[in-house]
Amino acid sequence: MNPLKIIFAGTPDFAVPALQALYDKDYKVVGVLTQPDRPSGRGLKVHPSPVKLKANELSIPVYQPSELKSQQSYETLAAIDFNVMIVAAYGLIIPQAILDLPPLGCFNIHASLLPRWRGAAPIHRAILIGDKKTGVTIMRVVQKLDAGDMVKKAEIQISEKDTTEQLTKTLSILGANLMTEVMDELAKKGELQSSPQNEANVTYAEKVTKEESKINWHDPALIIARKIRAFNSFPVAQTEYREAVCKIWQAEVAIDANEDANLGEIIKLDEFIHVKCGEGVLTIKELQMPGGKRLKAKEFILGHRPILGDVFKS
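1. What to know about the layout of surface pockets
Approximately 1,900 Å³ is the volume found for the largest pocket. For the largest pocket, the lining is made up of 50 residues, of which Pro12, Ala89, Tyr90, Gly91 and Ala120 are closest to its centre. For the lining of the largest pocket, the elements supplying multiple residues, two or more each, are strand 3 (38–40), strand 7 (106–110), helix 5 (122–129) and helix 6 (164–189). Looking at the lining of the largest pocket, its residues break down into 25 nonpolar, 17 polar and eight charged. The calculated volume of the second largest pocket comes to roughly 360 Å³. Looking at the second largest pocket, it is lined by 18 residues, and the ones nearest its centre are Glu160, Lys161, Arg229, Gln250 and Ala251. Taken together, the elements giving at least two residues each to the lining of the second largest pocket come down to helix 6, helix 7 (221–230), strand 13 (244–253) and strand 16 (281–288). The element best represented in the lining of the second largest pocket is strand 13, accounting for five residues. For the lining of the second largest pocket, the per-class residue count stands at six nonpolar, four polar and eight charged.

2. Re a nonpolar patch on the surface
The grouping of Leu222, Ile223 and Val253 at the surface amounts to a nonpolar patch, some 210 Å² of accessible area in total. When you line up the elements, Leu222 lands in helix 7. Accessibility expressed as a relative area gives 41% for Leu222, which makes it partly exposed.

The rules we used
Residues numbered from 1 in each chain as written. Predicted model: local features only at pLDDT ≥ 70, side-chain atom pairs only at ≥ 80, totals over all residues. Heavy atoms only, no water. 1 Å grid on protein atoms, 1.4 Å probe; cavity = no way out; pocket = protein on both sides within 12 Å on 5 of 7 lines; lining within 4 Å. Points joined across faces, edges and corners; volume = space filled by probe spheres on them. Helix = DSSP H or I, 4+ residues; strand = E, 2+ residues; numbered from the N terminus. Nonpolar A, V, L, I, M, F, W, Y, C, P; charged D, E, K, R; others polar. Patch = residues over 30% accessible without salt bridge, like charges linked within 9 Å, V, L, I, M, F, W, Y side chains within 5 Å. Areas by Shrake-Rupley, 256 points an atom, 1.4 Å probe, with all protein chains shown as cover. Salt bridge = Lys/Arg side-chain N within 4 Å of Asp/Glu carboxyl O. Buried < 20%, exposed > 50% of the residue type's maximum accessible area, 1.4 Å probe, protein only.

Structure, rendered in structure tokens:
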């Protein structure tokens, strides 16, 4: 059995289960690469990444270069005794010189069924476009974006209620388990079989922008509901209500609804808020006004007193 000595490169919550799983399998994780501590939150206090917190908890050495192209970064990694690198949402470009360091290779956990949804936001885009399934792919890391040969895949269905936040958690665990399976095989055989991606089937998941989060009430209710699920919990779908930005966290397409109203108009109030769309009606279940908390629709109705005929604006 080949003893694996791993450098793990990751930054957000998505990467944490994989680091924990490798540690739990007793693989020797000799170092963790993660992005530098950054300011976040309302007070813009500097916080370590979730991966750094987990590495510290597990007493694994942490390296936080701002980029990997420098000679210093290369020399730092070259001085470490490791034979495989695992990447999970690291967020920095890894130069070829560093990819060439581990003799057993460099492997990435990507949150899609490649070659569909290469790029920064595969989970957002899968929900937004209405994909029925997604999954994770373990692939070899190459210089071209998410274009490496595929080692192994795992597939799941996307439900009509899945949000990006929920699906990210599910896929992070799926990816962690799949990567440990792949590492078990690598440890046993010393090499891995892989297959090239079909370039004819490639799609790209562009980074999500806040501008995209604006709801257009001319769109069908189905499209708006997807947007709300895709942008939960970032950047959160938004609309204008009473001259303020209102965030909509949870909604679904109404099954039985009267469509005789203006676009964006509230046509029914019960425990939810029902709004006319370009096609069909959207049932809003959770929303938030500036400076306030996320509220269930029933609480929002009691606190903000919307009335029939009020309009959400695009």
